[in-house]
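In case you want the letters, here they are:
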Amino acid sequence: MKPEELIEIATQALKNAHAPYSTYQVGAALLCADRTIFSGCNVENASFGLTNCAERTAIFSAIAAGKKEFQAIAIVASGSAAPFPCGACRQVMVEFCGPDFPVYVANDDEYATTTLGDLLPNSFDLEGSHE
Ligand code: THU
């Protein structure tokens, strides 16, 4: 699947964002090894700390549906600031994905491609399997 196609699905998911506090809407689309796709959006809360990012919504939905192997993720935000994943989302990705896992980060105009290894080098895991 082309990055542009995954980004388009993430853009559709962005429309469901619940972001009344930041007004920063984010959508994500996660491509699974079996070619199924799970999307997610950010879900904010009046208590702020309970906010769930779009990436984690997509990943947790996939896990809940029994998926464990992932090929790529696209993350799209409204406006000009590119939605590079927060530290919590990077750590969640490391739980399931290796350092070569492609991460496409897009805004209204363009997208960048990076990898999980670049986003979170020397990541923590109990068995040292990421060394
Ligand atoms: N957010 C995401 O959903 N993903 C990112 O990669 C960056 C941040 C959300 C969390 C919050 O709802 C809003 O963007 C502002 O931080």
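Quick look at the site of the ligand
Logical step 1: Taken together, S22, Y24, V26, N42, E44, T51, C53, A54, E55, P83, F84 and P85 are the residues near the ligand.
Logical step 2: Taking A54, its main chain carries an N or O atom lying 2.9 Å from an oxygen atom of the ligand.
Logical step 3: Here an oxygen atom of the ligand and a backbone polar atom of P83 are 3.3 Å apart.
Logical step 4: Alone, the ligand offers 370 Å² of accessible surface; in the complex the protein occludes 80% of this.
Logical step 5: By residue class, the composition of the shell around the ligand is seven nonpolar, three polar and two charged.

Side note on the environment of P85
Logical step 1: Position of P85 among the secondary structure elements: in the loop between β3 (70–77) and α3 (87–96).
Logical step 2: Linking P85 and E55, residues 30 residues apart in sequence, is a C-alpha distance of 7.6 Å.
Logical step 3: Excluding residues that lie within four positions of it along the chain, P85 makes contacts with E55, I75, R90, M93, V103, V105 and L119.

Quick notes on the state of the cysteines
Logical step 1: A complete count under the given rule lists zero disulfides for this structure.
Logical step 2: Just so you know, C32 is unpaired, no disulfide at all, and the nearest cysteine sulfur is the one on C97, 9.6 Å from it.
Logical step 3: C32 sits in the buried class, given a relative accessible area of 0%.
Logical step 4: In this model C86 remains outside any disulfide bridge; the closest cysteine sulfur is found in C89, 3.8 Å from its own.

Regarding the nonpolar core
Logical step 1: Counting 22 residues, the largest nonpolar core has L30, F70, I73, M93, F101 and V103 as its most contacted members.
Logical step 2: At the level of secondary structure, the elements contributing two or more residues to this core comprise β1 (26–32), α2 (54–64), β3, α3, β4 (102–106) and α4 (116–119).
Logical step 3: Among residues more than four places away in sequence, those in contact with F70 are L30, L31, C32, A33, A62, I63, F96, C97 and F101.
Logical step 4: Listed in part, the eleven residues of the second largest apolar core include I7, L14, A72 and A106.

The rules we used
Residues numbered from 1 in each chain as written. Predicted model: local features only at pLDDT ≥ 70, side-chain atom pairs only at ≥ 80, totals over all residues. Heavy atoms only, no water. Near = heavy atom within 4 Å. Polar contact = N/O pair within 3.5 Å; in protein donor to acceptor, adjacent residues only side chain to side chain. Areas by Shrake-Rupley, 256 points an atom, 1.4 Å probe, with all protein chains shown as cover. Nonpolar A, V, L, I, M, F, W, Y, C, P; charged D, E, K, R; others polar. Helix = DSSP H or I, 4+ residues; strand = E, 2+ residues; numbered from the N terminus. Contact = heavy atoms within 4.5 Å. Disulfide = S-S within 2.5 Å. Buried < 20%, exposed > 50% of the residue type's maximum accessible area, 1.4 Å probe, protein only. Core = buried A, V, L, I, M, F, W, Y, C linked by side-chain atoms within 4.5 Å.

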